[in-house]
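# Structural features, examined
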Amino acid sequence: MSTKAEDRPGKGIYLLPLAVAAPVATAAALAVLRYWPAVRKLLSIVIKLVVKA
Amino acid sequence: MSSTKSKKAFMHERGIAWAAALLLTMFLTFCLLTALLVQILTSAGLHAGAAADKRNLDEQISSIRAYIDLLAEEYGFSAENVKEAVTGDDLKNFNLNAAAWWTKLLTEGEAGSVPRWYSEKVEEAVIAAMNREGNKDDPYTVIAALSDRIDRTVFPLRETLLTTGLDFVNRRMDIPAIIRSVRKLPLLFLALSALAAGIIALAMGREAFRSLKYFGTAFAGAALAVMISGITLMVLRLNDLIAQASKGLANEISMLMRTIWLEGTAAAFLSLAAGMFCLYLYRNRGIRNRIKAGH
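Here is what the cut-offs are and how they apply
Residues numbered from 1 in each chain as written. Chains lettered and ligands numbered in written order. Predicted model: local features only at pLDDT ≥ 70, side-chain atom pairs only at ≥ 80, totals over all residues. Heavy atoms only, no water. Helix = DSSP H or I, 4+ residues; strand = E, 2+ residues; numbered from the N terminus. Buried < 20%, exposed > 50% of the residue type's maximum accessible area, 1.4 Å probe, protein only. Areas by Shrake-Rupley, 256 points an atom, 1.4 Å probe, with all protein chains shown as cover. Axes fitted to C-alpha atoms, helices over the stretch in contact; angles between N-to-C directions. Parallel < 35°, antiparallel > 145°, perpendicular 65-115°, else oblique. Left-handed = near helix turned anticlockwise from the far one by under 90°. Contact = heavy atoms within 4.5 Å. Salt bridge = Lys/Arg side-chain N within 4 Å of Asp/Glu carboxyl O. Buried area = accessible area lost by both parts, 1.4 Å probe. Polar contact = N/O pair within 3.5 Å; in protein donor to acceptor, adjacent residues only side chain to side chain. Nonpolar A, V, L, I, M, F, W, Y, C, P; charged D, E, K, R; others polar. Expected span 1.5 Å × (residues − 1). Core = buried A, V, L, I, M, F, W, Y, C linked by side-chain atoms within 4.5 Å. pLDDT = per-residue confidence, 0-100. Patch = residues over 30% accessible without salt bridge, like charges linked within 9 Å, V, L, I, M, F, W, Y side chains within 5 Å.

### Considerations on the overall build of chain A
Each helix and strand counted, chain A has one helix and zero strands in total. Counting over 53 residues, chain A shows a buried share of 28%. When the accessible surface of chain A is split by element, carbon and sulfur atoms take 74% of a total near 3500 Å².

Pasting the structure below:
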């Protein structure tokens with residue numbers, strides 16, 4: 001039977017996913033938002049070409 | 001010495017497990033996102049549902065009827081019979097044909113014959129309305145203008161450009177094969193997730209319950225990542241960009257996205273619940289171990 005420190009978890013364990021996923025996902029989202037203006041310009045050109053007014 | 005060695009081995013196991021948990025989080029996130037993307041691109045039922053949606057049809061009918069009123073004013077005929085001739089059922093069938101064309105393009109990379117509006121009832125109604133008023137203008141000018149307007153309302157894409165572009169690309173690469181590969185992406189990420197989960201289980205060895213901490217973190221982490229992706233997509237307001245070109249197309253796309261939002265949210269919550277449950281089981285087992293050990 002295990003007596004290691006990591007196996008006496010407190011309620012803080014439920015915040016582990018937030019600690020792991022949130023920084024990565026937020027950094028990715030910020031990167032997308034940073035390049036969005038250029039991508040938006042390109043998309044609006046494509047939409048004007050492909051969609052009839 | 002043996003205590004230092006076992007402490008090093010323990011840190012090593014934890015390092016591997018955390019690295020695998022991070023990979024598991026990424027693979028699960030990509031699996032969920034690509035499954036939603038594949039559904040948008042390939043689900044005939046989804047596109048047909050958006051095309052035949054009552055709100056969508058009502059907006060199209062009111063836009064077409066407003067145009068018939070404009071034509072009636074310009075060419076001097078009574079609009080009522082012409083408006084009645086453009087029925088909801090005919091319009092729904094045309095919408096479904098357009099959705100089928102679009103789905104075939106996305107699923108097989110081939111453009112079949114482009115759907116066009118045609119209704120004998122509408123032609124006869126226009127001819128009768130113009131003859132009744134003793135109108136000298138050619139009724140087929142009105143019929144052509146009305147058909148063109150209905151085409152644009154239901155199918156606002158420059159299909160010639162799409163089909164020419166597709167032919168050009170098809171000559172250089174195998175688009176149907178690429179599309180078939182894209183459809184398998186969710187399965188690929190699911191397999192990679194299973195691999196990462198296996199690595200965690202191997203690293204934890206005999207005390208398999210400790211894997212629950214890493215599984216729980218990964219499942220719940222993937223759910224959070226999918227939710228953050230969804231929020232980012234909402235902030236981008238893609239639909240507003242499309243609405244500037246075509247309100248009808250923007251409406252259809254927003255109906256598609258509404259279904260996908262629901263499915264994505266349900267999948268994210270399921271993943272979050274699974275993650276929290278794993279963490280709960282791990283914590284529960286840990287507390288029981290502590291009680292057994294007399295701590």
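### Points about the packing of helix α5 (residues 88–108) of chain B against helix α8 (residues 159–172) of chain B
All names here are of chain B. Interhelical geometry of α5 versus α8 gives an angle of 20 degrees and a closest axis separation of 12 Å. In terms of axis orientation, α5 runs roughly parallel to α8. Between α5 and α8 the crossing geometry is left-handed. Facing Trp101, Trp102 and Leu105 of α5, the residues of α8 in contact are Glu159, Leu162, Thr163 and Leu166.

### Here's the deal with the pattern of salt bridges
Residue and element names in this part refer to chain B. Taken as a whole and judged by the stated rule, the model has eight salt bridges over all chains. Of the charged contacts, one joins lysine 54 and aspartate 58 as a salt bridge, the two residues approaching to 2.9 Å between their closest N and O atoms. Taken together, the positions of lysine 54 and aspartate 58, both in helix α3 (residues 54–75) and four residues apart, correspond to about one turn of that helix. Among the salt bridges present, the one from aspartate 148 reaches arginine 152, with a minimum N-O distance of 3.3 Å. You can see aspartate 148 and its partner arginine 152 sitting in helix α7 (residues 139–154), four residues apart, about one turn around the helix. Classification of aspartate 148 by relative accessible area gives partly exposed; the value is 39%. Residue arginine 152 is classed as partly exposed on the basis of its relative accessible area of 33%.

### Quick notes on the interface of chain A and chain B
Listed as interface residues are 34 residues of chain A and, on the opposing side, 47 residues of chain B. Overall, the association of chain A and chain B removes approximately 3700 Å² of surface from exposure, summing both partners, and the carbon and sulfur fraction of that is 70%. Inspection of the chain A/chain B interface yields zero salt bridges. Taken together, chain A and chain B are joined by zero residue pairs in polar contact (both at pLDDT 80 or more). Across the side of chain A that touches chain B, the residue classes tally to 21 nonpolar, five polar and eight charged.

### Things to note about α3(B)
Residue and element names in this part refer to chain B. Compared with the 32 Å implied by 1.5 Å per residue over 22 residues, the 31 Å span of α3 between its first and last C-alpha is a close match. Where α3 begins, one side-chain oxygen reaches toward the backbone nitrogen of arginine 55, 3.0 Å away; that side chain belongs to aspartate 53. Phi turns positive, to about 70 degrees, at glycine 76, one or two residues after α3.

### Some points on the nonpolar core
Residue and element names in this part refer to chain B. Counting 30 residues, the largest nonpolar core has Phe77, Val82, Leu146 and Ile150 as the members making the most contacts within it. Of all the secondary-structure elements, those providing two or more residues to this core are α3, α4 (80–85), α5, α6 (120–132) and α7. Here the element with the most residues in this core is α3; it accounts for seven residues. Contacts of leucine 146, omitting those with residues within four sequence positions, involve Ile64, Tyr67, Ile68, Leu71, Val82 and Val122. Core analysis: the next-biggest nonpolar cluster, separate from the first, contains 22 residues, Cys31, Met204, Phe209 and Ala222 among them.

### Some thoughts on the side chain of B:Thr103
All names here are of chain B. Within the element layout of this structure, threonine 103 appears in helix α5. Assessed through its relative accessible area of 8%, threonine 103 is described here as buried. Excluding anything up to four places from it in sequence, threonine 103 contacts Thr42, Ser43, Ala44 and His47.

### Quick word on unusual backbone geometry
In this structure, B:Arg237 is a non-glycine residue whose phi angle is positive, near 50 degrees. Positionally, B:Arg237 belongs in the loop between α11 (211–236) and α12 (238–245).

### Observations regarding the confidence of the model for chain B
Residues and elements named next belong to chain B. Put simply, chain B has an average pLDDT of 85, and 94% of its residues get 70 or more. Looking across chain B, the model is least confident in α8, with a mean pLDDT of 75, and most confident in helix α10 (residues 185–204), with 94. For this predicted complex, the interface score ipTM comes out at 0.78, while the overall pTM is 0.79.

### Examining a nonpolar patch on the surface
There is a patch of nonpolar side chains on the surface, built from A:Leu30, A:Leu33, B:Ile231 and B:Val235 and spanning about 370 Å² of accessible area. Those elements giving two or more residues to the nonpolar patch turn out to be α1 (16–50) of chain A together with α11 of chain B. Topologically, A:Leu33 is positioned in helix α1. By relative accessible area, A:Leu33 is classed as partly exposed at 36%.

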